[in-house]
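Each chain is listed here by its residues.
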Amino acid sequence: MKNIMIPTKDLTREEWLELRRNGIGGSDASVVMGKNPWRSIQQLWEDKTGKTPVLENSNEYTYWGNVMEGIIRKEFMNRTGLKVRQKHFMMFHPRFPFMFADVDGIVTDERGEKCIFEAKTVSQYREDEWKDGKIPTEYMMQHYLAVCNMQKAYIAALIGGNHFIYYTILRDEEMIADLVYAEKKFWEYNVKCDIRPEIDDSEATKEFLDRKYKESVKDSVPLDRSLVKVLEEYQDVSGQLKVMEKRKTGLSNQLKAALGEHEEGKFDNGQIVRWKRIEKNLLDSKRLKAEKPEIYNQYTSVNAYRTLSIAS
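Residues numbered from 1 in each chain as written. Predicted model: local features only at pLDDT ≥ 70, side-chain atom pairs only at ≥ 80, totals over all residues. Heavy atoms only, no water.

K.L.:
An account of the side chain of Asp 109 is requested, with residue identities and associated values reported.
P.N.:
Tracing the backbone through its elements, the reader meets Asp 109 in the loop between β5 (105-108) and β6 (114-122). The class of Asp 109 is buried, set by a relative accessible area of 5%. At a separation of 3.0 Å, a polar atom in the side chain of Asp 109 contacts the main-chain amide nitrogen of Arg 111. If we ignore the near neighbours within four places in the chain, the residues touching Asp 109 are Leu 82, Cys 115, Lys 152 and Tyr 154. (Helix = DSSP H or I, 4+ residues; strand = E, 2+ residues; numbered from the N terminus. Buried < 20%, exposed > 50% of the residue type's maximum accessible area, 1.4 Å probe, protein only. Polar contact = N/O pair within 3.5 Å; in protein donor to acceptor, adjacent residues only side chain to side chain. Contact = heavy atoms within 4.5 Å.)

Written out as structure tokens, the structure reads:
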């Protein structure tokens, strides 16, 4: 069976984004697998079901990623001697057409084998995630290998603007089987049947909900009885956290008492406890508001957010 290939070279950005709604791409795969710290599966589901308009989530990071792609590709070719050919096609899996790949390039290695090529621009703050041959969990290279039916991929990254690395990723059949299972379930059950995925405990989902429902309406809504158990567990966990915080304070007090005026204490096993003095300048906003109200008003802004509380 051959892959379905749709040319993308002449598509506008909006047309390309709309085409992506027809399946699950490499960046989507990590969301489905719960491995993407930046995007919630709730957001992905709303996008794939057309509940939100097609929007370009562009920023300085994605802009420079696009600008640097050609430079990273050229540097990879210079260092390896391998030729990277750009493929302006979106490729769909022949058996699972909900899986697609839009790769940065195709490499033919020394043995004549075709391989995937991906280029990434990485912040200096994420350098540790690329050490010792590791790559961040959100880059699901096995998804690309599965769709394109290839055995090997290269991923090249420019970290912090001055550190270039590249790694080889080999095909992992067990991981691909897990990917196909999860993506098939999400596409056929959640997307095609229009069933919202379960709300998970990820920070990405927290940020998505906070952003989606930032504005509030001053009214009341009836809650389903099935949420009673959720509420009870929430209250139980909150109580445990309070107990643990109090216990933590007590343990902290014991260590502080042992250190006294000393900033550092050492155990014979090499562990170190530090209680250091930190100084920082604080703005006395109450005094500023009272004595210089015009300056206070000029440099203050409203920061609105919602808090969750329980009342009986």
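K.L.:
Describe the nonpolar core, with residues and values.
P.N.:
Within the largest apolar cluster, 37 residues are counted, with the highest numbers of intra-cluster contacts made by Met 99, Ile 116, Trp 130, Met 141, Ile 155 and Phe 186. If you list the elements that add at least two residues to this core, you get α2 (26-32), α3 (41-48), β6, α5 (141-148), β7 (152-159), β8 (163-170) and α6 (173-191). Leave out the neighbours within four places in its chain, and Trp 130 touches Lys 120, Val 122, Ile 135, Pro 136, Tyr 139, Ile 155, Ala 157, Ile 159, Ile 165 and Tyr 167. Within the second largest apolar cluster, 13 residues are counted, among which are Leu 82, Val 107, Phe 117 and Ala 156. (Core = buried A, V, L, I, M, F, W, Y, C linked by side-chain atoms within 4.5 Å.)

K.L.:
Can you tell me about the sheet that holds β6, naming the residues and giving the values?
P.N.:
Here 5 strands make up an open sheet; going across it, the order is β2-β5-β6-β7-β8 and the pairing mixed. Each end of this open sheet is capped by a strand with a single partner; those strands are β2 (83-85) and β8. Going across the sheet, the axis of each strand differs from the next one's by a mean of 30 degrees, ignoring polarity. Direction of pairing for β6 relative to β7: parallel, over a ladder of 7 bridges. Looking across to β7, one finds that Thr 121 is bridged to Leu 158. Along the sheet, α5 makes contact with β6, β7 and β8, crossing β6 at roughly 150 degrees. (Pairing = 2+ DSSP bridges. Axes fitted to C-alpha atoms, helices over the stretch in contact; angles between N-to-C directions.)

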